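Structural overview
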Amino acid sequence: QVQLVESGGGLVQPGGSLGLSCAASGSIFSIYTMGWYRRAPGKQRELVATITRSGSTNYAGSLKGRFTISRDNAKNTVYLQMNSLKPEDTAVYYCNANIEILRSIGSIYGYWGQGTQVTVSS
């Protein structure tokens, strides 16, 4: 019914930059808060950043200033610009979106993308 597809992951050297995008498609009525989460090797999934429909953002404390989340409501897309990348940023990055679908107006459900690998290494 709804699909979230991430793109932009890959291998980058420490100090480099990488931009991720996530596009939602399907029988969408409205998209509310969207966000990015990540899971590093041996660790649980953690919040990276979220953004409301109106553009209010929230970041993990250590990432503020290096990562920037944004969205384009007309394109049903959320972005994550990652700068000054560090080896500890290596993780699978997942897109998340809270979506109200056409077949169930009045109910909001969280959807996840398949994840995209980001590897920061020399």
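Cut-off values and rules
Residues numbered from 1 in each chain as written. Predicted model: local features only at pLDDT ≥ 70, side-chain atom pairs only at ≥ 80, totals over all residues. Heavy atoms only, no water. Disulfide = S-S within 2.5 Å. Helix = DSSP H or I, 4+ residues; strand = E, 2+ residues; numbered from the N terminus. Buried < 20%, exposed > 50% of the residue type's maximum accessible area, 1.4 Å probe, protein only. Polar contact = N/O pair within 3.5 Å; in protein donor to acceptor, adjacent residues only side chain to side chain. Contact = heavy atoms within 4.5 Å. Core = buried A, V, L, I, M, F, W, Y, C linked by side-chain atoms within 4.5 Å. Patch = residues over 30% accessible without salt bridge, like charges linked within 9 Å, V, L, I, M, F, W, Y side chains within 5 Å. Areas by Shrake-Rupley, 256 points an atom, 1.4 Å probe, with all protein chains shown as cover. Salt bridge = Lys/Arg side-chain N within 4 Å of Asp/Glu carboxyl O.

Per the counting criterion, the structure on display carries 1 disulfide. At a sulfur-sulfur separation of 2.1 Å, the disulfide partner of C22 is C95. Disulfide C22-C95: torsion about the S-S bond near -80°, hence left-handed. A residue pair is termed long-range when its members are at least 10 positions apart, and C22 in strand β3 (residues 18-26) and C95 in strand β9 (residues 91-101) qualify at 73 residues. A single burial state applies to C22 and to C95, both of which are buried.

Summarising the element assignment, S30 is placed in strand β4 (residues 28-39). Among the polar contacts made by the side chain of S30, one reaches the side chain of R53 at a distance of 2.3 Å. If near-sequence neighbours (up to four positions away) are discounted, S30 is found in contact with R53, N98, I99 and E100.

On to the nonpolar core, then. W36, L80, M82, Y93 and I99 are the most contacted members of the largest nonpolar core, which has 33 residues in total. For Y93, the contacting residues outside a window of four places in its chain are E6, L20, W36, Y37, R38, V48, F67, L80, M82, G115, T116 and V118.

A separate point is a nonpolar patch on the surface. A cluster of nonpolar side chains, namely F29, L102 and I105, defines an oily patch on the protein surface of about 320 Å² accessible area. Positionally, I105 belongs in the loop between β9 and β10 (109-112). Given a relative accessible area of 54%, I105 falls into the exposed group.

All quantities given are derived from atomic positions and should not be read as evidence of function.
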